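Next come the chains, spelled out residue by residue.
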There are 2 protein chains.
Amino acid sequence: MTATETAAETAAAGTGRTRTPRPTALSAVWLRDNCGCAECRDPGTGQKLFQITDLPDSLAIASAEQRTEAGRDGSGSGDGSDSSEGWDVVWSPDGHRSHYDAAWLAAAAQPDPRAEDGKELWPFAEDLDGRLPETSWDAYRSDDRERLRMLDAVRSLGFCLLRGVPLEDGQVQQVALSFGFVRETNYGLQFEVRVEEQPNNLAFTNVAITPHTDNPYRDPVPTLQLLHCLVNDALGGDSGLVDGFAVAARLREQDPEAFAVLTTTPVEFAFRDAVTELSAHRPLIDVDAEGRIREVRFNNRSLGTLRLPAARTDAFYRAYRAFAELLLAPEAQLEFRLGPGDCLIFDNTRLLHARTAFERGGARHLQGCYADLDALLSTVAVLRRTHEEQN
Amino acid sequence: MTATETAAETAAAGTGRTRTPRPTALSAVWLRDNCGCAECRDPGTGQKLFQITDLPDSLAIASAEQRTEAGRDGSGSGDGSDSSEGWDVVWSPDGHRSHYDAAWLAAAAQPDPRAEDGKELWPFAEDLDGRLPETSWDAYRSDDRERLRMLDAVRSLGFCLLRGVPLEDGQVQQVALSFGFVRETNYGLQFEVRVEEQPNNLAFTNVAITPHTDNPYRDPVPTLQLLHCLVNDALGGDSGLVDGFAVAARLREQDPEAFAVLTTTPVEFAFRDAVTELSAHRPLIDVDAEGRIREVRFNNRSLGTLRLPAARTDAFYRAYRAFAELLLAPEAQLEFRLGPGDCLIFDNTRLLHARTAFERGGARHLQGCYADLDALLSTVAVLRRTHEEQN
C-alpha cells in the first residue's frame, strides 16, 4: 500500500464498482471530522468549530443514502464544491446529519509541494537543456499568467530569473513583495553583496564561494533568497546553482548508507559576530515522515563542531564527503552570469548557490533579501484559481 | 552509548587517565575539519575556508605533541579560546600543522536549545507554582540582566510576560524589535485581535478559542508570537497557555503507540480566504533525528483533510484524540488574565494558547505580531557574554 493511496481509493478497490466509495467503507471519525455543515464549520472562515474530543466516543454511521441527482444545496460538502451528488449520512448516537459530495469523497491525496514528489528535479545542469525559467520584469508585472509561470518554476525547478528589473536601491524588496514578504535578519531587510572593508561574512569579499545554502545556522532557515544584480563589471563573479534535492536523491541511490547517516545526524551550524550568535542543530538532508527529501543544508563555512561518539563521527564525515563530492561536481552546477537588472529568486531549502572569485577592486554589486516559500506558494494557488486552465 | 556522550569523553573513558583526550584517539577527519589556524578559518569572520573535499583522502596524524605550559599564541585553537594548553598536531600527507586547546578538546556536546532537552517542561499548570516569568517594561529596557532573564524564560519555560508596556498602537512590534525581527504574514506586520465585522479567522470574533498553536498552515511556522493587551473590559476573554512539549512527553510515556503515530503522520493544515491559500504538511509532533520533541502543531480549526489508507486514518484519529484529551485537560492549562499594558511573548512551536469567550460587544483589544526564536536565542547568547556570571 503506497503513501499516495487514499482511503477512497482503497475502498473503491474493495468494492470494485465505483470510484466513489460508500461512506460505510471509510473511517467513521475521519468522515465526521470532515463534515462541512454550518454547525461543524464556520461558513464565513471555513474553520472547524468543534474539537476532536467533542465527538462521541461511540461514533457510527446510522444510515447512509446515496444521491445521484443534482439540485440539492451543496453547502454540506467537504470541500465546498457545488456538486450535490454524493451521500447523505445520519450519525449515531447524536443524530447529526452530514452530506458528502461524490467528488470530494473520490479525491486523491495531493503531493506536498515542499517535498521532492512535488518537484521537477535536475540532477545535472544539462537536464535543464537550456530551459531557464525567465521573463521580463514588465511581463511579470503586467501578465498574471507570466507571474504564475515564474513563481511555479520556483516550486518545480527551484528558481526563476527576472530580467530588466529596475536598477534602483531596494528594488529587490519590491520583487519579494510582489509574491510575499521580506524576512528580516541580522543582515537587515536587505543586504549588499559587494566587497566590504570589514566583512562579517565571506560573501562580502571577492573570494570564490563554493555551492552552499544560506543561513543554515538560522531556524527557521530563510526558505527563499532573492539576488538582484546592479553592477557586474568585474572579471569573474559568475553564478552557479545546484539542485540539492536531485543530488540528495542521487546519493540515496548510489550510497544509501551515507544518505541514511545524513538524514539522521543533527549537525550544528553556527554564526557569530559582535552582535549576533546564531546556531541551529539540523541534519544536512531533512526528510519527512515518509522519507521524502524536504530540506537540504550545506555550508562548509558555518558547519560547527560535531560532538558525537567517534564511530558516529567517522560515519558522518564519510557520508558528508560523499554528498559533497556529488554536490561540488562541475556537471551538477548550472552556470550563468547575472547582468545588471537580473533578479534571481531561488529556493534556499533546495538549491545551492555559488559564485566564482572576481578581481580585487572589480565592480560587482548585488542586493539581496530573504523571503519565504509559504507565501510564494499561496500566491501561486490564488493565481491558479483564475488562470489554471489558460496555462 | 548515549547521544550526549562525546568523542572526547569516549576517548577519555578509553584511556582512563585524563579528561583531555589524545588526538590520536579521535576521528582524524573531524579533528582536521576543526583546525582553527588562519589558513583553515578566516580570522575576521571565523568562517571555514576549505571544503571537506579539499582534505586528503589518506589524512592521518603524523605526530601529536602535548603542551602543558602557558604562553603560546592560542590563535590555532578550535574554539578561539586563549588557553594554549593542549596538543600540537602535524598532519600526513600534507604537513599541515594544527593546535588544539585542551579545553576545546574536552568540551561536551551542548543540548539543542530548541529541543525538549534544552527546556524546563511544565506538564501541569501547578508545576509552575506561581513562578510566572514577568517583569516591567521599564526594567526590561533598562537592565540587561532583566532582559536576559525574560528572554531566557521564553527558551526554558516557553513564555514571559512584560507589564506596563505603553498603550500605543504598534508597540507590540517595538517589543519584537527589542530582541529580534517581526515576521510579516498575510495578517500584516501586526494584527488586531478584536471583533471584526467580516472576520477571516475565528480569532477575530468573540467565541471561545480552545488551546492551539498559530498558523500551522505556514511553513516555516512563526516560531514566536507576541500579544499586547490594550483593552480588556469584557466579561470573559481570559487567557490560557499549555506546554505542548510536556504534554507530548506525557503522551510518549502513557501511549507510546499514539506518540509514534503522531510523529510519523504528515498532516495537512490549510487556510484559505479571498487572497490567500496556505497549506503545510507536517506532523503534529515533530521530533529530531534522536527522537527529541522539537515542534508541536495543534489546531482543530485548520486541520485539513487526511487522505491516507483507512487503517492509517483510524490510527491517526485514535492518537490525535489521545493527544487532544491531554492537551485540553483543564489541569494542563495555565490560566491568567491579560490587562492593559501586558505583553505576552511565547514560543509558538511549543506552547498552545487559548482564550475564553467574551460578551458580544465587550471591549477587548489586543495587538499581536509574529517573530522568530533564532533571533531571540541569539540575543540571549550575546547578553550572556557579559552577564552570565552575574545571574
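- As annotated in an unreviewed UniProt entry, chain A carries the name TauD/TfdA family dioxygenase and is attributed to Streptacidiphilus fuscans.
- Under Sequence similarities (unreviewed entry), UniProt gives the following word-for-word description of chain A: "Belongs to the gamma-BBH/TMLD family."

1. Looking at the pattern of salt bridges
No. 1: Per the stated rule, a full pass over the model turns up 58 salt bridges over all chains.
No. 2: Across the pair Arg385(B) and Glu277(A) runs a salt bridge whose closest N-O atoms are separated by 2.9 Å. Separated into two different chains, Arg385(B) in helix 10 (residues 373-387) and Glu277(A) in strand 12 (residues 276-282) make up a pair that spans both.

2. Thoughts on the packing of aromatic side chains
Each aromatic ring pair is characterised by the separation of its centres together with the angle its planes make.
No. 1: One pass over the structure, following the stated rule, counts 27 aromatic pairs over all chains.
No. 2: Centroid distance Phe316(B) to Tyr320(B): 5.4 Å. Interplanar angle 20 degrees. Geometry classified as stacked. Residue Phe316(B) and its partner Tyr320(B) are located together in helix 9 (residues 310-327), separated by four residues, close to a single helical turn. The burial state of Phe316(B) is the same as that of Tyr320(B); both residues are buried.
No. 3: Here a set of aromatic residues connected by ring pairs shows up, and it is made of Tyr187(A), Phe191(A), Phe204(A), Tyr217(A), Phe271(A) and Tyr370(A).
No. 4: For Arg147(A), the ring lying beneath its charged end belongs to Tyr140(A), and the centroid distance is 5.9 Å.

3. Quick word on the domain arrangement of chain A
No. 1: According to the domain assignment, chain A contains domain 1 (3-106) and domain 2 (116-385).
No. 2: Distance from the C-alpha centre of domain 1 of chain A to the C-alpha centre of domain 2 of chain A: 42 Å.

4. Side note on the UniProt feature "domain: TauD/TfdA-like" (unreviewed entry) in chain A
No. 1: Residues annotated by UniProt as "domain: TauD/TfdA-like" (unreviewed entry) correspond here to residues 141-370 of chain A.
No. 2: As a span, residues 141-370 of chain A carries 26% helix and 30% strand, and end to end its C-alpha atoms are 20 Å apart.

5. Here's the deal with helix 5 (residues 144-156) of chain A
Counting along an α-helix, one turn takes 3.6 residues, and residues three or four places apart therefore face a common direction.
Residues and elements named next belong to chain A.
No. 1: Here helix 5 spans 18 Å end to end across 13 residues, near enough to the 18 Å set by a 1.5 Å rise per residue.
No. 2: Taking burial as the measure, the 13 residues of helix 5 include ten buried ones, the bulk of the element.
No. 3: Buried within helix 5 are the following residues: Glu 146, Arg 147, Leu 148, Met 150, Leu 151, Asp 152, Ala 153, Val 154, Arg 155 and Ser 156.
No. 4: The inward-facing, buried residues of helix 5 abut strand 4 (134-136), helix 4 (137-142), strand 5 (159-163), strand 9 (224-232), strand 16 (343-347) and helix 10 (373-387).
No. 5: Between the side-chain oxygen of the N-cap and the backbone nitrogen of Arg 145 there are 2.9 Å, and the N-cap of helix 5 in question is Asp 143.
No. 6: Where helix 5 terminates, the next one or two residues include Gly 158, which has phi positive at roughly 100 degrees.

6. Notes on the relation of the copies chain A and chain B
No. 1: With an RMSD of 0.0 Å, the operation that places chain A on chain B is a rotation of 180 degrees combined with a shift of 0.0 Å along the axis. Accordingly, the operation relating the two chain copies is best matched by a two-fold axis.
No. 2: A symmetric contact is evident, with 99% of the interface residues of chain A recurring at the interface of chain B.

7. Considering the side chain of Arg183(B)
Residues and elements named next belong to chain B.
No. 1: Turning to its location among the elements, Arg 183 is positioned in strand 6 (residues 182-183).
No. 2: The exposure class of Arg 183 is buried, given its relative accessible area of 5%.
No. 3: In terms of polar contacts, Arg 183 uses its side chain to reach the backbone carbonyl oxygen of Pro 220, at 2.9 Å.
No. 4: Of the polar contacts made by the side chain of Arg 183, one reaches the side chain of Asp 372; its length is 2.8 Å.

8. Some details on the side chain of Arg218(A)
No. 1: Here Arg218(A) shows up in the loop between strand 8 (209-212) and strand 9.
No. 2: Put simply, Arg218(A) is tucked away with no salt bridge, and the nearest opposite charge, on Asp374(B), sits 4.4 Å away.
No. 3: Of the polar contacts made by the side chain of Arg218(A), one reaches the side chain of Asn186(A); its length is 2.5 Å.
No. 4: Excluding residues that lie within four positions of it along the chain, Arg218(A) makes contacts with Arg183(A), Thr185(A), Asn186(A), Tyr187(A), Leu278(A), Ala280(A) and Asp374(B).

The rules behind each value
Residues numbered from 1 in each chain as written. Chains lettered and ligands numbered in written order. Predicted model: local features only at pLDDT ≥ 70, side-chain atom pairs only at ≥ 80, totals over all residues. Heavy atoms only, no water. UniProt positions renumbered as here; feature names shortened; annotations may be inferred. Salt bridge = Lys/Arg side-chain N within 4 Å of Asp/Glu carboxyl O. Helix = DSSP H or I, 4+ residues; strand = E, 2+ residues; numbered from the N terminus. Phe/Tyr/Trp six-rings, centres within 6.5 Å; stacked < 30°, edge-to-face > 60°. Buried < 20%, exposed > 50% of the residue type's maximum accessible area, 1.4 Å probe, protein only. Lys NZ or Arg CZ within 6 Å of the ring centre and 35° of its normal. Domains from an automatic or database assignment. Expected span 1.5 Å × (residues − 1). Contact = heavy atoms within 4.5 Å. Polar contact = N/O pair within 3.5 Å; in protein donor to acceptor, adjacent residues only side chain to side chain. Least-squares fit on C-alpha atoms with pLDDT ≥ 70 in both. Lys, Arg positive; Asp, Glu negative; His and termini not counted.

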